[in-house]
Amino acid sequence: MIPRPNDDNRIKIAPSILSANLARLAEQVQEVEAAGADRIHVDVMDGRFVPNITFGPVLVKWLRPVTGLPLETHLMIHDPDAFVDAFAEAGSTSLIVHAEGALHLNRTIQRIKEAGLKAGVAINPATPAVMLDEILPDLDLVLVMTVNPGFGGQSFIRGTLKKIQEVRRKIDAVNPACELEVDGGIDATTAPEVVAAGARVLVAGSSIYGAPDGPTAGLRRLAGSLGL
């Protein structure tokens, strides 16, 4: 098991169930929890904002009694306001919405917080970091997408490293308590690079759940690349 020291600045790993075996989902979530995962990342896609359809509130409801880990719910959808209450009632710990998909982003973030959840904003690879400036003081988390959202197993976009560095500087200057997370193409090779750029939470799907020797080995390999 990966040790979990009481340090808010430590590196955290969030396995994405997008790459899990859904026929064994409860077992696979519990396996990565036992191996030292810090949270479970739930990718919600609506077939409009991204070209894929995945999970809804009912899956979060089923997962909630299965694990003691936080359930981080990533809403890759249009009009996320319409689903805040449903995911809060289902048991999500935090909601991440896309700057590109929320019509009134400040109102959306306030609704998430009023529902008692932590609030995060994600930005796609082509979205500049400056889009975060007005909302950053209100956030618990910023997610920099290091692939274009919609599918698992994509290759890391190296041009996002510069943006991770830029977002790190903004967070440190404006809201040091805000977490900086990355998602897309994270494996034992890219993980040290994004951490060096300033990321502190790493979402990983294929490198954990797609590992040929199983999720526990995949998670430990990723953690080992970071000296955890």
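All of these numbers come straight from a predicted model, not from anything done at the bench.

Conventions and cut-offs
- One numbering rule holds for all chains: residues counted from 1, following each sequence as written.
- Where totals are concerned, whole chains, interfaces and linings use all residues; where local detail is concerned, this predicted model gives features only for residues with pLDDT of at least 70, and gives and counts side-chain atom pairs only at 80 or more.
- As a rule here, side-chain values come from all non-hydrogen atoms in the structure, and water together with hydrogens is ignored.
- Salt bridges are defined as contacts in which a side-chain nitrogen from Lys or Arg sits within 4 Å of a carboxyl oxygen from Asp or Glu.
- Every helix listed is a DSSP run of H or I at least four residues long, and every strand listed is a run of E at least two residues long, numbered separately from the N terminus.
- Only buried Ala, Val, Leu, Ile, Met, Phe, Trp, Tyr and Cys residues count toward a nonpolar core, and they belong to the same one when joined by side-chain atoms within 4.5 Å.
- Exposure is judged per residue with a 1.4 Å probe applied to protein chains only, and the accessible area is read against the type maximum: over 50% gives exposed, under 20% gives buried, and values in between give partly exposed.
- The contact criterion used is simple: two residues touch if any of their non-hydrogen atoms lie within 4.5 Å.
- Two strands pair under a simple rule: DSSP has to find at least two bridges between them.
- Angles here are taken between N-to-C directions and fall from 0 to 180 degrees, while the axes themselves are lines fitted to C-alpha atoms, restricted in helices to the stretch in contact.
- Seen with the strands pointing away from the viewer, any crossover whose path from the first strand over the helix to the second strand runs clockwise is right-handed.
- Crossing handedness is defined as follows: a turn of the near helix away from the far one that is anticlockwise and smaller than a right angle gives a left-handed crossing, while the clockwise case is right-handed.
- Classification convention: Asp, Glu, Lys, Arg as charged; Ala, Val, Leu, Ile, Met, Phe, Trp, Tyr, Cys, Pro as nonpolar; all other residues, Gly among them, as polar.
- Residues adjacent in sequence count toward polar contacts only when both atoms are side-chain atoms; beyond that, a polar contact is any pair of N or O atoms within 3.5 Å, and within protein one must be able to donate a hydrogen and the other to accept it.

Caption draft 1: Broad picture of the pattern of salt bridges. Considering all chains together, one arrives at 10 salt bridges under this definition. With a shortest N-O distance of 2.5 Å, Glu27 and Arg24 are connected by a salt bridge. In this structure, Glu72 engages Arg39 in a salt bridge whose closest nitrogen and oxygen atoms are separated by 3.0 Å. Residue Glu72 is located in strand 3 (residues 71-76), and its partner Arg39 is located in the loop between helix 1 (25-35) and strand 2 (40-45); the two are separated by 33 residues in the primary sequence.

Caption draft 2: Structural context of the nonpolar core. If you look at the biggest cluster of nonpolar residues, it comprises 63 residues, and the most contacted ones within it are Ile17, Val142, Val194 and Leu202. The residues contacting Val142, other than those within four sequence positions of it, are Val121, Leu132, Leu136, Val167, Ile171, Cys178, Glu179, Leu180 and Glu181. Ile96, Ala122, Leu141 and Met145 belong to the second-largest nonpolar core, a separate cluster that totals six residues.

Caption draft 3: A look at the sheet that holds strand 6 (residues 141-145). Sheet architecture is open: eight strands sit in the order 1-8-7-6-5-4-3-2, paired in parallel fashion. Taken across any chain shown, the strands that pair with only one partner, and hence form the sheet edges, are strand 1 (12-15) and strand 2. Taking each pair of neighbouring strands and ignoring which way they run, the sheet shows an average axis angle of 25°. Of the strand pairs in this sheet, strand 3 and strand 4 (residues 94-98) are connected by four bridges, and their pairing is parallel. Bridging from a neighbouring strand, Thr73 pairs with Leu95 of strand 4.

Caption draft 4: Unusual backbone geometry, seen in detail. Of note, Asp79 is a non-glycine position whose phi angle comes to about 55°, a positive value. Within the fold, Asp79 resides in the loop between strand 3 and helix 3 (84-90).

Caption draft 5: Broad picture of the pairing of strand 2. Taken across its six residues, strand 2 has six buried, putting it largely inside the fold. Neither face of strand 2 is exposed, since Ile40, Val42 and Val44 on one face and His41, Asp43 and Met45 on the opposite face are all buried. As judged from the six bridges shared by strand 2 and strand 3, these two strands associate in the parallel manner. Each residue of the ladder has a partner; that of Ile40, found in strand 3, is Leu71. Handedness of the strand 2-helix 2 (residues 57-63)-strand 3 crossover: right-handed.

Caption draft 6: Up close: the packing of helix 1 against helix 8 (residues 215-225). Between helix 1 and helix 8, the shortest axis-to-axis distance is 9 Å and the interhelical angle comes to 40°. Seen from above, helix 1 lies across helix 8 with right-handed handedness. Between helix 1 and helix 8, the contacting residues are Gln28, Glu31, Val32 and Ala35 on the first element and Pro215, Thr216 and Leu219 on the second. Its residues assigned to classes, the contact of helix 1 with helix 8 comprises four nonpolar, two polar and one charged.

Caption draft 7: Spatial organisation of the pairing of strand 6. Along strand 6, five of the five residues are buried, which leaves the element largely enclosed by surrounding structure. Side chains Leu141, Leu143 and Met145 project from strand 6 onto one buried face, and the interleaved Val142 and Val144 project onto a second face that is buried too. Taken together, the four bridges between strand 5 (residues 118-123) and strand 6 define a ladder with parallel strand orientation. When the sheet's bridge partners are listed, Val121 is paired in strand 6 with Val142. Of the strand pairs in this sheet, strand 6 and strand 7 (residues 179-183) are connected by five bridges, and their pairing is parallel. Considered in strand 7, the bridge of Leu143 is made with Glu181. Handedness of the crossover is the feature at issue here: the chain leaves strand 6, passes through helix 5 (residues 160-174), returns alongside strand 7, and the resulting connection is right-handed.

Caption draft 8: Highlighting the side chain of Asp38. Position of Asp38 among the secondary structure elements: in the loop between helix 1 and strand 2. Side-chain polar atoms of Asp38 contact the backbone nitrogen of Ile13, separated by 2.9 Å.

Caption draft 9: A look at the environment of Gly153. You can see Gly153 is positioned in the loop between strand 6 and helix 5. Overall, Gly153 belongs to the exposed group, its relative accessible area being 61%. Sequence separation between Gly153 and Gly184 is 31 residues, and the spatial gap between their C-alpha atoms is 7.8 Å.

Coordinates in, geometry out; function isn't part of it.
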